[in-house]
Amino acid sequence: MRRLRQVTKIVREQGAKKLGVRLLTAATRRLGAEGEDLPVRLEDVRKADVETRKPVVIPPIPHDGKLTINWVTTPPSQGSGGHTTMFRLIRHLESIGHDCRLYLYDTFGNTVTDLEPGIREAFPFFKGSIHDVTDGMADAHAVFATAWITAYPAFNDPCAGKRFYLVQDYEPWFYPSGGLYALAENTYRMGMHGFTAGRFLADKVRDEHGMPADHFDFGCDADRYRLGDQKRDGIVFYARRKAPRRAFELGVLALEVFAEKHPDLKIHVYGEKIGDLGPQFVDHGLVTPDDLNAIYNRCFAGLSLSMTNVSLVPHEMLAAGCVPVVNDAHFNRVVLDNDHVRYATPTPHSLARALSEVVTSPDFDAVARAAASSVEGRSWDAAGHELEKVLRRELAT
C-alpha cells in the first residue's frame, strides 16, 4: 500500500510519462563517479534564482502576539540529532502559544499518510499539523528552512512569511568540491536570516556569504543525561559510518591503538551497528536516550569526532560525568568552550593518548563530578528564548 501511494504521488507531481522515465532510468538519481544520491529535486533547483530578491510579505501579527511558523524539513526520524534540535525549538515556541506547522520535503515519493505516524511516535509532544510541501504552504509569519535541500522549496514557495534558516552544520562540507557542494553553498545566498547552532556557523555564513545570522548555544537535556553511580568499566565511541563527517575510520583506528594499551577496559560503541571488532568491544547500535545515559555512566571517556560543526554528543557525555575526547578544530573549541573537554590532533595515536590520559586520571570520581557540574543549568530553554527574541525583532522590521 505504501509503495502504491509513492507511485501515485510521483504520477500526480510529475505525470505518467515522468514515472516511466523514472522507473527506466533510476540510475540517473545517482551523480558523480561515486554514485551519490541526488538529495534535492532538480526542478526545485532550476526554479530558484538565488540572486533574485523577492519582496518580503509578513502577515499582520495579531494583538495576542501569536505567531504562525512553517518549518520545511526532511522527514524527521527518531535518533536524528538535527531533527531533535529542531523539535526542541518548536516545543518551546508551542509552549508559549505560537503555532508551528511541519511541511515535509521528501524525494522518495512517500506521502504524509505514510510518514506522519512515525513522526508523531518519535516526537509525541508536537501539536502542529503536518503537510507535504509540494502541495504548497499556507501563509505564515515566518518560514524556516532546516537543511540545505529544504532551502530550495522554502525559497520558491509563494506563501507569505519572512524566510529564516536553521543552520546546524556547514553542509557544503558534506560533499567534495563539486556540484552538490555548490548547490548547498548557494542556499546561504538566498537572503534568508540564519539561526545557527553555535557561534562558529553564524560567523562563517556572515563572513563568507553575507548572510545575516544569530546563533544559539547548545543546550543539554538534563532530564535525560545526568551523573549516576554505576561502576565505570571503559570508554565509549559515537560511531556513524554512514556520515563521513563523523570520521568513523579514524575513530576505529584510534580505538584499536587504545585497546592494545588497555586490554582490561571495555569499548562501548553506539550510533549504528558496526559488527564484531574484538572481545573488548560492545556494539550497542542505535539506543534510546535512557540507555545512552547508562552507557555514558559506565565510561570514563567518550570519543566524539566531527569534521564539521560539533555534535550534540559532548554535552551529553559531560552531563553523565564522561569526559569527551574530540578532534582539535576551531569550530569545536568555539562551540564547546568547556575546560573539561579533551582536544586531540585527529590522528589515531593522538586520540588514543587523550583517551588513555582520561582513564588513568587520579580520583576520577572528582573528575566526573566536575565535568557534570560544568553543564548544569545548560538547558534547551535558552535556545528557545533566543529564537523567539530573534523572531520578534526580525518580524517587527
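Under an unreviewed UniProt entry, the protein chain has the name Glycosyl transferase family 1 and belongs to Lentzea pudingi.

### A word on the nonpolar core
Among the nonpolar cores identified, the biggest contains 95 residues, and W71, L102, W148, Y296 and L391 are the most heavily contacted of them. Looking at this core, the element that brings in the most residues is helix α6 (residues 148-156), giving six residues. Apart from the residues within four sequence positions on either side, W71 is in contact with M86, I90, L93, C100, R101, L102, Y103, F144, T146, L166 and L387.

### Concerning the packing of aromatic side chains
Under the criterion given, the structure shown has 22 aromatic pairs. Chaining the aromatic ring pairs together yields one cluster made of Y165, Y170, W173, Y188, F200 and F331. If you follow K54 out to its NZ or CZ, it ends over the ring of F155, 4.5 Å from the centre. A cation sits over an aromatic face here: R91 above F125, 4.2 Å from the ring centre.

### Regarding the sheet that holds strand β15 (residues 342-344)
A sheet is described by the order of its strands in space; here six strands give the open sequence β12-β11-β10-β13-β14-β15, paired in parallel fashion. Each edge of the open sheet is held by one strand with a lone partner, namely β12 (281-285) and β15. For this sheet, the mean angle separating the axes of adjacent strands, direction not counted, is 20°. Here three bridges tie strand β13 (residues 299-303) to strand β14 (residues 323-327), and the two strands are oriented parallel to one another. When the sheet's bridge partners are listed, L303 is paired in β14 with V325.

### Observations regarding the pattern of salt bridges
Tallying each qualifying case throughout the model produces 18 salt bridges. Taking the shortest distance from any N to any O, the salt bridge between R88 and D221 comes out at 4.0 Å. Taken together, the positions of R88 in helix α4 (residues 81-95) and D221 in the loop between β9 (213-216) and β10 (234-238) put the pair 133 residues apart, joining distant regions of the chain. For D221, a relative accessible area of 23% corresponds to the partly exposed category. Residue R189 pairs with E185 through a salt bridge whose shortest N-O separation is 3.6 Å. Through salt bridges with shared partners, one network takes in K162, D214, R393 and E394.

### Here's the deal with the environment of A329
Residue placement: A329 occurs in the loop between β14 and α12 (330-336). A residue is classified by how much of its surface remains accessible, and A329, at 14% relative accessible area, is buried. In the structure, A329 is positioned 15 residues away from A344 in sequence and 8.8 Å away in space, judged by C-alpha atoms.

Parameters and conventions
- Residues numbered from 1 in each chain as written.
- Predicted model: local features only at pLDDT ≥ 70, side-chain atom pairs only at ≥ 80, totals over all residues.
- Heavy atoms only, no water.
- Core = buried A, V, L, I, M, F, W, Y, C linked by side-chain atoms within 4.5 Å.
- Buried < 20%, exposed > 50% of the residue type's maximum accessible area, 1.4 Å probe, protein only.
- Helix = DSSP H or I, 4+ residues; strand = E, 2+ residues; numbered from the N terminus.
- Contact = heavy atoms within 4.5 Å.
- Phe/Tyr/Trp six-rings, centres within 6.5 Å; stacked < 30°, edge-to-face > 60°.
- Lys NZ or Arg CZ within 6 Å of the ring centre and 35° of its normal.
- Pairing = 2+ DSSP bridges.
- Axes fitted to C-alpha atoms, helices over the stretch in contact; angles between N-to-C directions.
- Salt bridge = Lys/Arg side-chain N within 4 Å of Asp/Glu carboxyl O.

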